[in-house]
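Breakdown of the fold
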Amino acid sequence: MKRVLIIGGSVEAWHLACSLDHATVWLPEPERVARDWPCPVTQGALPALHQFDVMVIACHPCDANTAWMCWRAAKAIDLPVAFLRRPAWRAGARDRWVLLPTERSAAEVIPVGAKVLTTLGRQGLGELKSLKAHVLARRLGAPGGAFPLRHGRFLPAKGPFTIAQEVRFLRKERVDWLLLRNAGGPGGWPKLAAARQLGLSVAMVARPAWPGGVSCADVAEAKTWIDRK
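A brief look at the structure comes next. Per chain, residues are indexed from 1 in the order of the written sequence. For a predicted model such as this one, the threshold for reporting local features is a pLDDT of at least 70, and the threshold for listing and counting side-chain atom pairs is 80 or more; totals across whole chains, interfaces and linings nevertheless cover every residue. Hydrogens and waters are ignored; side-chain quantities use all the structure's heavy atoms.

**Quick look at the nonpolar core**
- As used here, the term nonpolar core means buried Ala, Val, Leu, Ile, Met, Phe, Trp, Tyr and Cys residues forming a set that is joined through side-chain atoms within 4.5 Å. Throughout, exposure labels follow a simple rule: accessible area from a 1.4 Å probe, protein chains only, divided by the maximum for the residue type, with under 20% read as buried, over 50% as exposed, and the rest as partly exposed. Counting 21 residues, the largest nonpolar core has V4, I6, L16, L84 and I226 as its most contacted members.
- Those elements giving two or more residues to this core turn out to be β1 (4-7), α1 (11-19), β2 (23-26), β4 (54-57), β5 (81-84) and α6 (219-228).
- Numbering of helices and strands runs from the N terminus; a helix is a DSSP stretch of H or I covering at least four residues, while a strand is a stretch of E covering at least two. Examining the composition of this core, we find that 4 residues originate from one element, α6, more than from any other.
- By the convention used here, residues are in contact when the closest approach between their heavy atoms is within 4.5 Å. Sequence-distant contacts of I226, defined by excluding residues within four places in its chain, comprise K2, V4, L16, L20, V54 and V56.
- Listed in part, the 19 residues of the second largest apolar core include A106, V116, A133 and V205.

Quick look at the structure:
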């Protein structure tokens, strides 16, 4: 029976853990959504890697720092490693997306005085100092601390939301733009579908580069790779 270390941070990490008989999960930071994990879960320093047979890096698709750090640690001891990273969102014919290389680039495309809904975390908001817009930052749980930008506020929220709910919210708040990282997956898609329905513009920040290597698009591919190692 293979001993699998899963690097968590995405919902796919949880699904993979639930599908395996012998796994350990390491979380780079406390989860925003509490989950009932079916296996041991650790935080802090990485566990001793020599006790595992394979590593699956399934952190948040935009968490490049964790992906690179864990990949280097695995390579240092020749531990087989694969990436579980869900596909990015893709714009359709009716979408009005502007693709950005970084969060800071938003100030170059979002007009002065616009009202913007974003799901960037506090660190991402810190990159928007030059954005001259009113920012609504949706986040799970209590905001905690002052809003880091001159104009805007936190919006405590607990999803998932339907497309109809997102349409009503965007209309109520008179949102002009969405500003998102390209996390992919079904959880965040309703707000993009709502933006399409309302004809709103979306500033979509590209995913950061991850290391090269074995890449799995879903849990089934990751399980197949584990079985073959």
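Text resumes after the structure shown.
**Considerations on the pattern of salt bridges**
- What makes a salt bridge here is a side-chain nitrogen of Lys or Arg within 4 Å of a carboxyl oxygen of Asp or Glu, nothing more. All chains considered together, the criterion is met by 8 salt bridges.
- Where E12 meets R86, a salt bridge forms, and the shortest distance between an N and an O atom there is 2.8 Å. Note that E12 is positioned in helix α1 and R86 in the loop between β5 and β6 (96-100), a separation of 74 residues in sequence.
- Notably, a salt bridge pairs R138 with E166, separated by 2.9 Å at the nearest N-O pair. Remark: E166 occurs in helix α4 (residues 163-173) and R138 occurs in strand β8 (residues 134-139); sequence separation between them is 28 residues.
- Note on E166: relative accessible area 3%, which makes it buried.
- Several salt bridges converge on common partners, so that one network encompasses K115, R153 and E173.

**Overview of the sheet that holds β1**
- We treat two strands as partners when DSSP finds at least two bridges between them. The 6 strands lie next to each other as β3-β2-β1-β4-β5-β12, forming an open sheet whose pairing is parallel. The open sheet is flanked by β3 (41-42) and β12 (214-216), the only strands paired with a single partner.
- Bridging between β5 and β12 involves 3 bridges; their strand directions are parallel. When the sheet's bridge partners are listed, L84 is paired in β12 with C216.
- Fitted lines through C-alpha atoms give the axes, limited to the stretch in contact for helices. The angle between two N-to-C directions lies from 0 to 180 degrees. α1 contacts β1, β2, β4 and β5 of the sheet and is inclined by roughly 160° relative to β1.

**Let's talk about the packing of α1 against α6**
- Orientation of α1 relative to α6, taken along the N-to-C sense of each, is 50°, at an axis distance of 10 Å. In terms of axis orientation, α1 runs oblique to α6. As α1 packs across α6, the resulting crossing turns out to be right-handed. Between α1 and α6, the residues in contact are E12, H15, L16 and S19 and V219, A222, K223 and I226, respectively.
- Throughout this entry, Asp, Glu, Lys and Arg are counted as charged residues, while Ala, Val, Leu, Ile, Met, Phe, Trp, Tyr, Cys and Pro are counted as nonpolar. The remaining residues, Gly among them, count as polar. Across the contact of α1 with α6, the residue classes break down as 4 nonpolar, 2 polar and 2 charged. An angle below 35 degrees is read as roughly parallel, one above 145 as roughly antiparallel, one from 65 to 115 as roughly perpendicular, and any other as oblique. Each crossing gets its handedness from the near helix: less than a right angle anticlockwise from the far helix is left-handed, clockwise is right-handed.

So, to be careful, I would describe these as geometric facts and stop short of saying anything about function.
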